[in-house]
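Letter by letter, the chains look like this.
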Amino acid sequence: MRLLDKTVVITGGANGIGAVAAALFGKQGAQVAILDFDVHAGEAKAQELHATGVEVAFFQVDVADNDRVKEVANQVIEKFGKVDILVNNAGITKDAMLVKLDAADFKQVIDVNLTGVFNCTQAFLPAMLAQGKGKIINTSSIAGTGGNVGQTNYAASKAGVIGMTKTWAKEFGRKGINVNAVAPGFIETNMIHTIPDKVLEQIKLLTPYSRLGTPEDVANAYLFLASEESDFINGTVLEVDGGMLK
Ligand code: NAI
């Protein structure tokens, strides 16, 4: 088991990539704290994992809410006694071409995708600093590395995540904490359901494997960066996009 007795916190763990990753972490021997806005799916996922023998707990939180994140961080540490790995996976899209992009939609995406990562990292970091060891994995996107039409807000948030990742790698590397990012390509989850099938077909053709990514593809990258196998990797952005032509 690659995460035996490790405590993992995963935001956005109720659905999509996060839910698959939560199950994978549990299977690898970790205790799992699922943090998500979606109470219904979060509780169901926790129950499902519990039934397979995973020590798991669900905490309802909006990652954009700094006070609530701090409160939940205390509850997680009270329950599990420590935090070894934080996966900042929660994210949203509110796509529009720049000329039509509503200021409120710009702000909301930044609040969740960028400020949310700041809030959670700041809240869980003291526990990692105290034990002199930890892993932080931030979810960026190929929109953050290369931009994407209709995603001004999302690309800005995901590029910002890379900036914070590289900064924190420098700030905390010497304290035994690795900070890395994963930049997925197009992954089959609810997030891409708004993309028309015709566009998805074109996207597949841009990928040498002629397919979209699966949540498992990304969860496996999280697992590698969460495990001791990646102990000398810090401040990197791991693209999980099947080698898509960009
Ligand atoms: P998803 O929509 O299936 O799951 C996202 C999860 O985050 C949901 O459970 C949702 O309830 C939760 N969430 C949303 N806002 C929240 C908030 N304010 N506080 C707490 N939880 C919140 O999406 P998916 O695809 O699993 O995305 C996971 C991460 O991967 C996101 O950061 C996303 O931006 C990123 N990503 C996804 C890609 C894709 O093609 N699906 C591509 C590149 C990056």
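Residues numbered from 1 in each chain as written. Predicted model: local features only at pLDDT ≥ 70, side-chain atom pairs only at ≥ 80, totals over all residues. Heavy atoms only, no water.

### Observations regarding the sheet that holds strand E4 (residues 85-88)
For step 1, the next point in the chain: Spatial strand order, E3-E2-E1-E4-E5-E6-E7: seven strands in an open sheet with parallel pairing. The open sheet has two edge strands with one neighbour each: strand E3 (56-60) and strand E7 (237-240). For this sheet the average axis-to-axis angle between neighbouring strands, irrespective of direction, equals 15°.
For step 2, the next point in the chain: Both strand E5 (residues 134-139) and strand E6 (residues 177-184) contribute to a ladder of six bridges, which runs parallel. Within E6, the position partnered with Lys135 by the bridge is Asn178. (Pairing = 2+ DSSP bridges. Helix = DSSP H or I, 4+ residues; strand = E, 2+ residues; numbered from the N terminus. Axes fitted to C-alpha atoms, helices over the stretch in contact; angles between N-to-C directions.)

### Here's the deal with the packing of helix H1 (residues 16-27) against helix H8 (residues 215-226)
For step 1, the next point in the chain: Taken N-terminus to C-terminus, the directions of H1 and H8 make an angle of 50°; their axes are 8 Å apart at the nearest point. Between H1 and H8, the angle is such that the two are oblique. As H1 runs across H8, the sense of the crossing is right-handed. Between H1 and H8, the residues in contact are Gly16, Ile17, Val20, Ala21, Leu24 and Phe25 and Pro215, Glu216, Val218, Ala219, Asn220, Tyr222, Leu223 and Ala226, respectively. (Parallel < 35°, antiparallel > 145°, perpendicular 65-115°, else oblique. Left-handed = near helix turned anticlockwise from the far one by under 90°. Contact = heavy atoms within 4.5 Å.)

### Topic: the environment of Val63
For step 1, the next point in the chain: Along the polypeptide, Val63 turns up in the loop between E3 and helix H3 (66-80).
For step 2, the next point in the chain: Of the residues examined, Val63 reaches a relative accessible area of 7% and is grouped as buried.
For step 3, the next point in the chain: In this structure, the C-alpha to C-alpha distance between Val63 and Asn113, residues 50 residues apart in sequence, is 8.6 Å.
For step 4, the next point in the chain: Beyond its immediate sequence surroundings of up to four residues, Val63 is in contact with Thr11, Val69, Ala90, Val112, Gly116, Asn119 and Cys120. (Buried < 20%, exposed > 50% of the residue type's maximum accessible area, 1.4 Å probe, protein only.)

### So, the nonpolar core
For step 1, the next point in the chain: If you look at the biggest cluster of nonpolar residues, it comprises 30 residues, and the most contacted ones within it are Val9, Leu35, Val76 and Phe124.
For step 2, the next point in the chain: Those elements giving two or more residues to this core turn out to be strand E2 (31-36), E3, H3, helix H4 (103-131), helix H6 (152-172) and E6.
For step 3, the next point in the chain: Broken down by element, this core gets its largest block of residues, seven residues, from H4.
For step 4, the next point in the chain: In this structure, Phe124 is in contact with Val9, Leu35, Ala73, Val76, Val83 and Leu86, ignoring residues within four places of it in sequence.
For step 5, the next point in the chain: Judged by nonpolar contacts, the second largest core, of 29 residues, contains Ala30, Val32, Ile34 and Val56. (Core = buried A, V, L, I, M, F, W, Y, C linked by side-chain atoms within 4.5 Å.)

### Overview of H3
For step 1, the next point in the chain: Counted at 1.5 Å a residue, the expected span for H3 with its 15 residues is 21 Å, and the 21 Å between its end C-alpha atoms agrees.
For step 2, the next point in the chain: Taken together, the buried positions of H3 are occupied by Val69, Val72, Ala73, Val76 and Phe80. The buried side chains of H3 occupy one side of the element, clustering within an arc of 110° when seen end-on. Along H3, exposed side chains directed more than 90 degrees from the buried face belong to Asp67, Asn74 and Glu78. (Expected span 1.5 Å × (residues − 1). Arc of directions from axis to C-beta.)

### Quick look at empty space enclosed by the protein
For step 1, the next point in the chain: Per the counting criterion, the structure on display carries one cavity of 30 Å³ or more.
For step 2, the next point in the chain: Roughly 30 Å³ of internal volume is contained in the largest cavity.
For step 3, the next point in the chain: Of all the elements, H4 adds the most residues to the lining of the largest cavity, at four residues.
For step 4, the next point in the chain: Its residues placed into classes, the lining of the largest cavity shows five nonpolar, three polar and no charged. (1 Å grid on protein atoms, 1.4 Å probe; cavity = no way out; pocket = protein on both sides within 12 Å on 5 of 7 lines; lining within 4 Å. Points joined across faces, edges and corners; volume = space filled by probe spheres on them. Nonpolar A, V, L, I, M, F, W, Y, C, P; charged D, E, K, R; others polar.)

### Details of the packing of H3 against H4
For step 1, the next point in the chain: Direction vectors running N to C along H3 and H4 enclose 30°, while the axes themselves pass 9 Å from each other. For the crossing formed where H3 meets H4, the hand is right-handed. Taken together, the residues of H4 that come into contact with H3 (itself represented by Asn66, Val69, Lys70, Ala73, Val76 and Ile77) are Phe118, Asn119, Cys120, Gln122, Ala123, Phe124 and Ala127.
For step 2, the next point in the chain: In terms of residue class, the contact of H3 with H4 is built from nine nonpolar, three polar and one charged.

### Comments concerning the site of the ligand
For step 1, the next point in the chain: The immediate surroundings of the ligand are formed by 28 residues, with Asp36, Asn89, Tyr154, Ile187 and Thr189 found nearest.
For step 2, the next point in the chain: Contact between the ligand and Asp36: an oxygen atom at 2.6 Å from a side-chain N or O atom of the residue.
For step 3, the next point in the chain: With respect to the ligand, the side chain of Tyr154 contributes an N or O atom lying 2.6 Å from an oxygen atom.
For step 4, the next point in the chain: Against a free-state accessible area of 830 Å², the protein chains account for coverage of 92% of the ligand. (Near = heavy atom within 4 Å. Polar contact = N/O pair within 3.5 Å; in protein donor to acceptor, adjacent residues only side chain to side chain. Areas by Shrake-Rupley, 256 points an atom, 1.4 Å probe, with all protein chains shown as cover.)

No statement about biological role is implied by the geometric values presented.
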